[in-house]
Structure formats: structure tokens, C-alpha cells
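Analysis of the macromolecular model
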Amino acid sequence: MGLRHRIRSLTSSKVKNRLFYGDKGSIHDKRRDYAPVGLVKSDFLSSFVDNMAARVGPDALRTLRYASSDEWAATLESTGFSWSGPDPNKWRGFREFWRDEGHQSAVLITEAEGKKYIIESSAPIPIAAGNMRAALEYSTRVGLRVGLETISESSAIMSVQYSRKRAKDRPISTDKPVKKELGNLTAINSDEITLQREGGIYWLDSRCSILPFRLMDLWRMEAGFIQNIEFNGNEESWEESVCKSISQCFIESGDLIMVENDASWFEISKRRISRMGFGILQSAKMCDGVLTLILQGSAQPYVVAGFYMGYVYRAYGKKILPKWGPESDGFHLKFNLN
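Before going into details, it helps to say that this report is about the structure given with it. Only a predicted model underlies this, so the values are computations on that prediction, with no experimental measurement involved. (Residues numbered from 1 in each chain as written. Predicted model: local features only at pLDDT ≥ 70, side-chain atom pairs only at ≥ 80, totals over all residues. Heavy atoms only, no water.)

**Some words on the pattern of salt bridges**
This structure, assessed with the given rule, holds 15 salt bridges. Note that Glu77 and Arg141 form a salt bridge whose closest N and O atoms lie 3.6 Å from each other. On the criterion of sequence distance, the pair formed by Glu77 in the loop between α3 (59–76) and α4 (94–100) and Arg141 in the loop between α5 (125–140) and β6 (142–152) is long-range, its members being 64 residues apart. Take Glu77: its relative accessible area is 33%, and that puts it in the partly exposed class. Across the salt bridge formed by Arg220 and Glu239, the nearest N and O atoms sit 2.4 Å from each other. Separated by 19 residues along the polypeptide, Arg220 in helix α6 (residues 213–222) and Glu239 in helix α7 (residues 238–253) bring together distant segments of the chain. Judged by its relative accessible area of 40%, Arg220 falls in the partly exposed class. For Glu239, a relative accessible area of 15% corresponds to the buried category. Overlapping salt bridges, with partners in common, bring together Arg18, Asp29, Arg32, Glu71, Asp100, Glu101 and Arg214 in one network. (Salt bridge = Lys/Arg side-chain N within 4 Å of Asp/Glu carboxyl O. Helix = DSSP H or I, 4+ residues; strand = E, 2+ residues; numbered from the N terminus. Buried < 20%, exposed > 50% of the residue type's maximum accessible area, 1.4 Å probe, protein only.)

See below:
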């Protein structure tokens, strides 16, 4: 019994030492060489992607799949996994890693016309498909042509054709992340955010997905050909679409925000923004009907602005697109409530 308990404790400790809190409302992922990430409920992330597709069009989903593949390709090169072959069931550590990202399962099925995979995910299917393509190219070292047939919002069949051209050998990196530059890091271990031993991250009873901030940059680059976005007859930028899409997700969630004074924003930010890795609020001030928030963190300002746009709507009943810009040690959001 003692040995069994010790093995269980070691396994649990290993899982919980993947994500770390930083000093300034950030979360760092050890599997990504301590790159900054955010945690969001998986259904929230799916709603966000759906809202983006409604605003931008189907290209939002296609470009997200490409960006997710690029992001995981960079991630897998830093993990040290030694996967080989086309069957995920034979990849050591894949199931736990896949589930930690917010996915559920990936199963190989072989048919006469070639290999296919059934992928299931609580996160958006384009992200799961992009991740799976990167995993297969990492494991086989062969370029792939991928087709995707969605069965439902949470599952899809992915067909794969292998190229004769073999990918380059994996580079061997001798660089090690310097944690001193990140300040003090504390392993996530709380009653609200839990990492399951068999894989999966939960916030209370809700499954969460990891949102790498570099994925948002890659998505924007992939969708760079979309110059103008027209939604309901209005033209808006990519950043504005992201902001409004995130805001709409929060509004639709039905969560309430109670704001009594400027100090209330610090409590809201602590519980919602900093806890999930999206930064830290440095100051909050209401002057002449303009709410100014100054924040610091690794997330893109327009991503954080989306959350606060939803919070402001819940607090004041007004949908206000904020203005954002750089500060000496972060960025500001300004909401004109007049």
C-alpha cells in the first residue's frame, strides 16, 4: 500500500508541475519551454471560435487549423517526446498531453483508401485537427495532406495522405529555458484549477483548454489576407473582431459582475484575469465617465480587452469597444461610458 501511494503521489506531482504561475498574472507552460499561455473553459473557447467564424467567415476556421498545426509543431520540438509511427495509441505520453490541451481522444482507423483518424475534442475541432496533423508529422517525419469531415461540433474524421518527401530530421536543441528571466514561478495546485493524473485540466467542474498566446499571433498571420472584415454592414479590424467575439462569449455565459467602485476591478481581475493567466491589473480609474485600466501581461491587449468589454457590459449595461495602446510597463484599456 505504501509503494502504491508513493507511485500515485509521484505521478500526480509530475502532472501538476507542467503549468506555473508567474509574478504578474501569467501562466507558463513547461512543455512549451515556459512560453506564456492562458486557461479558458473549453466551451468558452469553442464559442469564441464560432463567433469569429460568424464575423469573418469560414476562412477563420481554416486558418485556425493551419495556425494550430504550426503552434503544435513548435511545441512538440521542445517536449522531448520520441513518438514513432502513425498510431497515437503507441505514442508514450500522448493521451495525457492531448487531454491536457482540452481534447478527448484520437483513434486510428485504417480503410482501403488509406488511414483515417477519428478525433474528439472539447476544444474547437479546427484546433484539434491542426494539433493532430502536427503530431503525425512529428511522429512520421513525413509531410501530410489532410482532409477533414466534421461529424459534430466535438468530433471529426481526418483523412491522411502521406507525401513521398520526407521531412528533415528533428533538430537537437541544447538550449535550456532560463527561468530566472520569468521571475518566481509557482506550480498550479489549487482547489479551483486541477490537473488530472490521466490528463485534462479542470476549473472547478468545467474542462479547460490551454490557449497559447503565440497561437493568436499565428492565427492572425495565417488570416493576414483578410484585409477588411464586414459584419452587419460595419467594417472592423481583425483585432476588433477578436475583442468583440470574446466579449460576446462572456455576455452569453450569463456571469454577473458587481462593480461598486474602482477597487472592485482589482478583485474582478484577480479572480478572472490573473488566475487564468491573462495578466495583472495595475491601476483602475474612472474620470469624467472614462474608465481607464492599465494592465501588464503576456496576452495580446485586444484579447484581454475582449474580456473587459464583456465585464463592462455586465457592470454598466453598455457594449463599448475600448481603445487600447501601450504603456511604459504594459498597456491601457479605455472605455468611454458617456
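**Structural notes on helix α8 (residues 264–274)**
Taken together, the buried positions of α8 are occupied by Ser264, Trp265, Ile268, Ser269, Arg272, Ile273 and Ser274. Buried residues along α8 sit in contact with β1 (19–21), α7, β14 (280–287), β15 (290–296) and α9 (301–316). (Contact = heavy atoms within 4.5 Å.)

**Here we look at the sheet that holds strand β16 (residues 323–327)**
In space, the 4 strands of this open sheet follow the order β14-β15-β17-β16, with antiparallel pairing throughout. What marks the edges here is a single partner per strand, and that holds for β14 and β16. The sheet shows a mean angle of 20 degrees between the axes of neighbouring strands, direction not considered. Sitting on the sheet, α8 touches β14 and β15, and the angle it makes with β14 is about 145 degrees. Contacting β14, β15, β16 and β17 (330–336), α9 runs over the sheet at an angle of about 30 degrees to β17. (Pairing = 2+ DSSP bridges. Axes fitted to C-alpha atoms, helices over the stretch in contact; angles between N-to-C directions.)

**Section: α6**
Of all the residues in α6, the buried ones are Phe213, Leu215, Met216 and Trp219. End-on, the buried residues of α6 take up no more than an arc of 150 degrees, which puts them together on one face. (Arc of directions from axis to C-beta.)

**A few points about the side chain of Glu71**
For Glu71, the position within the fold is in helix α3. Owing to a relative accessible area of 2%, Glu71 belongs among the buried residues under this scheme. Polar side-chain contacts of Glu71 include one of 2.8 Å to the side chain of Arg32. When neighbours within four sequence positions are excluded, Glu71 is seen to be in contact with Arg32, Pro212, Arg214, Leu215 and Leu218. (Polar contact = N/O pair within 3.5 Å; in protein donor to acceptor, adjacent residues only side chain to side chain.)

Shape descriptors only; they carry no functional weight alone.
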